[in-house]
Structures are given as C-alpha cells and as structure tokens.
Amino acid sequence: KQGRTIESFLPALIEGGILELSGLLIAFSHDLIQQHVYDTIPDEERYQLHLDIGIYLGTMTLLDADTLKSSLDGGVDQLYLSDASSTDDSVAKPSTLVSIVTDQINAAGPSFVTDESQRIRFASWNLHAGKDAAEHSNFRAALFNYENGIAFLADMPWGPGDGDGDVVDDEDSAGFRTCCREL
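Residues numbered from 1 in each chain as written. Predicted model: local features only at pLDDT ≥ 70, side-chain atom pairs only at ≥ 80, totals over all residues. Heavy atoms only, no water.

A. Just a nonpolar patch on the surface, in detail. Judged by side-chain polarity, Ile14, Leu21 and Ile26 come together as a nonpolar surface patch covering roughly 240 Å² of accessible area. By secondary structure assignment, the location of isoleucine 14 is in helix α1 (residues 6-15). (Patch = residues over 30% accessible without salt bridge, like charges linked within 9 Å, V, L, I, M, F, W, Y side chains within 5 Å. Areas by Shrake-Rupley, 256 points an atom, 1.4 Å probe, with all protein chains shown as cover. Salt bridge = Lys/Arg side-chain N within 4 Å of Asp/Glu carboxyl O. Helix = DSSP H or I, 4+ residues; strand = E, 2+ residues; numbered from the N terminus.)

B. Looking closely at the packing of helix α3 (residues 43-58) against helix α5 (residues 116-135). Look at α3 against α5: their axes get within 13 Å of each other, and the N-to-C directions meet at 65°. When the axes of α3 and α5 are compared, the pair comes out roughly perpendicular. Crossing of α3 over α5 shows left-handed handedness. Each of Leu51, Gly54, Ile55 and Gly58 in α3 lies in contact with α5, whose residues at this interface are Gln118, Arg121, Phe122 and Trp125. Here the residues of the contact of α3 with α5 sort into four nonpolar, three polar and one charged. (Axes fitted to C-alpha atoms, helices over the stretch in contact; angles between N-to-C directions. Parallel < 35°, antiparallel > 145°, perpendicular 65-115°, else oblique. Left-handed = near helix turned anticlockwise from the far one by under 90°. Contact = heavy atoms within 4.5 Å. Nonpolar A, V, L, I, M, F, W, Y, C, P; charged D, E, K, R; others polar.)

C. Main features of unusual backbone geometry. For serine 137, which is not a glycine, the phi torsion comes out positive at approximately 60°. For serine 137, the position within the fold is in the loop between α5 and α6 (139-152). Judged by relative accessible area, which is 51%, serine 137 ranks as exposed. (Buried < 20%, exposed > 50% of the residue type's maximum accessible area, 1.4 Å probe, protein only.)

D. Spatial organisation of the packing of α5 against α6. Interhelical geometry of α5 versus α6 gives an angle of 165° and a closest axis separation of 8 Å. When the interaxial angle is binned, α5 and α6 end up roughly antiparallel. Seen along the crossing, α5 lies across α6 with a hand that is left-handed. Taken together, the residues of α6 that come into contact with α5 (itself represented by Arg119, Phe122, Ala123, Asn126, Leu127, Ala129, Gly130, Lys131, Ala133 and Ala134) are Phe139, Ala141, Ala142, Asn145, Tyr146, Asn148, Gly149, Ala151 and Phe152. Its residues assigned to classes, the contact of α5 with α6 shows 12 nonpolar, five polar and two charged.

E. Just the packing of aromatic side chains, in detail. Counted under the stated rule, the structure contains three aromatic pairs. Aromatic ring contacts, followed pair by pair, group Phe122, Trp125 and Phe152 into a single cluster. (Phe/Tyr/Trp six-rings, centres within 6.5 Å; stacked < 30°, edge-to-face > 60°.)

F. Quick peek at the pattern of salt bridges. According to the stated counting rule, one finds one salt bridge in the structure shown. Here aspartate 43 ties to arginine 46 by a salt bridge, and the two come within 3.4 Å at their closest N and O atoms. Remark: arginine 46 and aspartate 43 occur in helix α3; sequence separation between them is three residues, near one turn of the helix. Taking relative accessible area as the criterion, aspartate 43 reaches 42% and is therefore assigned partly exposed. Judged by its relative accessible area of 13%, arginine 46 is buried.

G. Structural view of α6. In this model, α6 (14 residues) spans 20 Å end to end at C-alpha, consistent with the 20 Å of a helix rising 1.5 Å per residue. Within the span of α6, buried status applies to Ala142, Leu143, Asn145, Tyr146, Asn148, Gly149 and Phe152. (Expected span 1.5 Å × (residues − 1).)

H. Fine view of the side chain of asparagine 145. Inspection of the secondary structure puts asparagine 145 in helix α6. Side chain to side chain, asparagine 145 and asparagine 126 meet in a polar contact 3.1 Å long. Apart from the residues lying within four places of it in its own chain, the contact partners of asparagine 145 are Thr102, Asn106, Asn126, Ala129 and Gly130. (Polar contact = N/O pair within 3.5 Å; in protein donor to acceptor, adjacent residues only side chain to side chain.)

In structure tokens:
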C-alpha cells in the first residue's frame, strides 16, 4: 500500500520470527531468510544498492584524497569492524572500512559502472585496499582487490607508470607481482 514504510511492517516481522530485535539492532532471525530476501531483489536494484552503499561509505574514508594513507585526523579508513551476526569473538572477521567499501563496490561490479572516471576511482580504491591487505600479509585479499581493480580498468589504457598519467605505476605493479608470488 502506498504511504507505508518499512517501520510499519517491523512489529509483524518481529512477531512472526522473521526479524529479531536486540536493543537498537534489528537483524534477520536466520541467515537463510536474509539470503532469500537478498536473492529476491532484482539484479539491477541489487547492484545499485551495493554501489550506493559503497559510495556512501567511501565518503567516510580518505580513498579519494591525494594521499591514500590514513591519519587519525583525516578519516576512519582503518576503523576495524566485525560481523555483528557473529556472537563468538574468535569467529568474527575484522574488516577495515576500506575493505567493506571495496566489497560493496565490487559486488556492483565493473559492468554496472559505465562512467570512466568512476571506474578509475573504484580501481584506485581496490588498489588501496589491496595494498592495505598486503601490508597485513593477507595476500589472497590483496590479490582479490588487485584483480577487481584491474577489472574496473578493462578496455582502458593503463600499465606500468612512465609519468604519462597511467593509473598504475611501477610500485603498484611490483605490489601486484609480489602478491601473486606469495600465493
């Protein structure tokens, strides 16, 4: 019905056992319910949702700054978060906000992003996340981000930097090669 918001459905969803309320947190009562709801979202809407979430969270980082190194004064890039659905701290997978941002952008995928400047932007975000993962010896995650960054650059001129405005320079290429050797 027109004019109804999600809030009007919450009591029935909680009473029906679809959602659980814990303080201010509302979560699906089971992973399979969450997955089913996610799977019923049309692809175009899902990709747009991931893109919007990634861009929104990206504004809370220094990903678009000239320097990709975070600072205490400049952003929350290195804020460590964990999966709220996990109750066992030993199982919770910590993530930086940057890795969450790139996961969202990568879930939308390069084929959904048609603007060339956005594709370059997201490739650089993946490069930053890849470097961060490699610095923490998480070479699989680094490779994943490097490969996703490269996918955003498909059909675009890029390569080892020679000062002519290429997106990836020699240091970045060396990081990618090092990551591949570690696997």
